[in-house]
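Single-letter residue listing:
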Amino acid sequence: MRHDDSANTTDDPKLALVRQRRRVIRRTQLLSVRASRTLLESMIAADVIVLATPVYFFGKCAQLKTVIDRTVARYTAIANKEFYFIVTAAVGSKRPLERTIEGLRGFTSCLTGAKEKGIVYGTGAWEVGDILSRPAFEEAYEMGKSV
Ligand SMILES: Cc1cc2nc3c(=O)[nH]c(=O)nc-3n(C[C@H](O)[C@H](O)[C@H](O)COP(=O)(O)O)c2cc1C
């Protein structure tokens, strides 16, 4: 049985469109699987991991959540890492962001030997470019230098 739709010809434009969309979806899925494997291997090989996220309704963003969830197959191999957290949010104080940080700890608490080394609270970042004038910008730079 052939799995390559491109070999199939049809005069029906609707059917051709459905087949073309299927091919695009398959290719996208393949790329996504490859990308997540590469990322997971990088996390396993790393000494230091930075979990960075914008704060959305006081939680982490969906993209970071997906990365975390995709580690499930080999998360036990992400052992003895140093972790840094960076969050950005519109709110002007750190305290409300603790629940986001706790959400990140939900992941690191499942990892063997994870050490939390630092947190940057990027508060007061609502408009594009706001973060450039906030202390968090310099703090993140200094934190990176100290690793
Ligand atoms: C959907 C959405 C939800 C947000 N929720 C919060 C929030 O709960 N608390 C907060 O302080 N800022 C919130 N913000 C502001 C963002 O955290 C902030 O602007 C961040 O810097 C955006 O980063 P981004 O440009 O990478 O999305 C929200 C922004 C969006 C778009």
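This structure is a prediction, so every number in the text was calculated from the model and none was measured.

Rules used throughout
As a convention, each chain's residues are numbered from 1 in the sequence order in which they are written. Residues qualify for local features only when their pLDDT is at least 70, as the model is predicted, and side-chain atom pairs are given and counted only at 80 or more; totals for whole chains, interfaces and linings, by contrast, use all residues. Here a strand is any run of E in DSSP of at least two residues, a helix any run of H or I of at least four, and the numbering for each starts at the N terminus. Counting other C-beta atoms within 10 Å of its own, a residue is labelled buried from 20 upward, exposed at 12 or fewer, and partly exposed in the gap between, with every C-beta atom placed from the backbone. Start and end points for every domain follow an automatic or database-based domain assignment. Residues are treated as contacting if the C-beta atoms built from their backbones sit within 7 Å of each other. Three residue categories are used. Nonpolar comprises Ala, Val, Leu, Ile, Met, Phe, Trp, Tyr, Cys and Pro, charged comprises Asp, Glu, Lys and Arg, and polar comprises the others, including Gly.

## A word on unusual backbone geometry
Link 1 in the chain: Although it is not a glycine, Phe-58 adopts a positive phi angle of roughly 60°.
Link 2 in the chain: In the Ramachandran plot, Asn-80 falls in the positive-phi region, its phi being about 60° despite a non-glycine side chain.
Link 3 in the chain: Along the chain, Asn-80 turns up in the loop between α2 (62-70) and β2 (82-88).
Link 4 in the chain: Judged by the 10 C-beta atoms lying within 10 Å of it, Asn-80 falls in the exposed class.

## Points about the domain arrangement of the chain
Link 1 in the chain: Taken as a whole, the chain is organised into domain 1 (9-45) and domain 2 (46-146).
Link 2 in the chain: Using C-alpha coordinates to define each centre, domain 1 is positioned 30 Å away from domain 2.
Link 3 in the chain: Listed by partner, the interface residues are seven residues for domain 1 and eight residues for domain 2.
Link 4 in the chain: Looking at the side of domain 1 that touches domain 2 residue by residue, the class counts come to five nonpolar, two polar and no charged.

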